[in-house]
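Residue-level structural notes
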Amino acid sequence: MNELAKQHEIAKNKAINFMKKGQLNAYFNALIEQNYYEKLLLMTMAN
């Protein structure tokens, strides 16, 4: 679970950096990646 939290944080930071640079396509891809890790975190917490 700790590894998932790290990956989620990395994806979140990438999304923020892409947003600041104005790279919308990469920003949306990073948001999708962030949502993926967030869902995995929620599933592991529920079990």
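This section reports on the structure supplied with the text. The model shown is predicted, which means the values in this text are computed figures rather than measured ones. (Residues numbered from 1 in each chain as written. Predicted model: local features only at pLDDT ≥ 70, side-chain atom pairs only at ≥ 80, totals over all residues. Heavy atoms only, no water.)

1. What about a nonpolar patch on the surface?
Judged by side-chain polarity, Met1, Leu42 and Met45 come together as a nonpolar surface patch covering roughly 350 Å² of accessible area. On the secondary structure map, Met1 appears in the segment before α1 (2–21). Since its relative accessible area comes to 57%, Met1 is described here as exposed. (Patch = residues over 30% accessible without salt bridge, like charges linked within 9 Å, V, L, I, M, F, W, Y side chains within 5 Å. Areas by Shrake-Rupley, 256 points an atom, 1.4 Å probe, with all protein chains shown as cover. Salt bridge = Lys/Arg side-chain N within 4 Å of Asp/Glu carboxyl O. Helix = DSSP H or I, 4+ residues; strand = E, 2+ residues; numbered from the N terminus. Buried < 20%, exposed > 50% of the residue type's maximum accessible area, 1.4 Å probe, protein only.)

2. Things to note about the packing of α1 against helix α2 (residues 24–46)
Close contact between α1 and α2 brings their axes to 8 Å; oriented N to C, the two are set at 160°. With respect to α2, the axis of α1 lies roughly antiparallel. The handedness of the crossing between α1 and α2 is left-handed. Across from Leu4, Ala5, Gln7, His8, Ala11, Lys12, Lys14, Ala15, Phe18 and Met19 in α1, the residues of α2 making contact are Ala26, Tyr27, Ala30, Leu31, Glu33, Gln34, Tyr37, Glu38, Leu40, Leu41 and Thr44. Of the residues in the contact of α1 with α2, the class split is 13 nonpolar, 4 polar and 4 charged. (Axes fitted to C-alpha atoms, helices over the stretch in contact; angles between N-to-C directions. Parallel < 35°, antiparallel > 145°, perpendicular 65-115°, else oblique. Left-handed = near helix turned anticlockwise from the far one by under 90°. Contact = heavy atoms within 4.5 Å. Nonpolar A, V, L, I, M, F, W, Y, C, P; charged D, E, K, R; others polar.)

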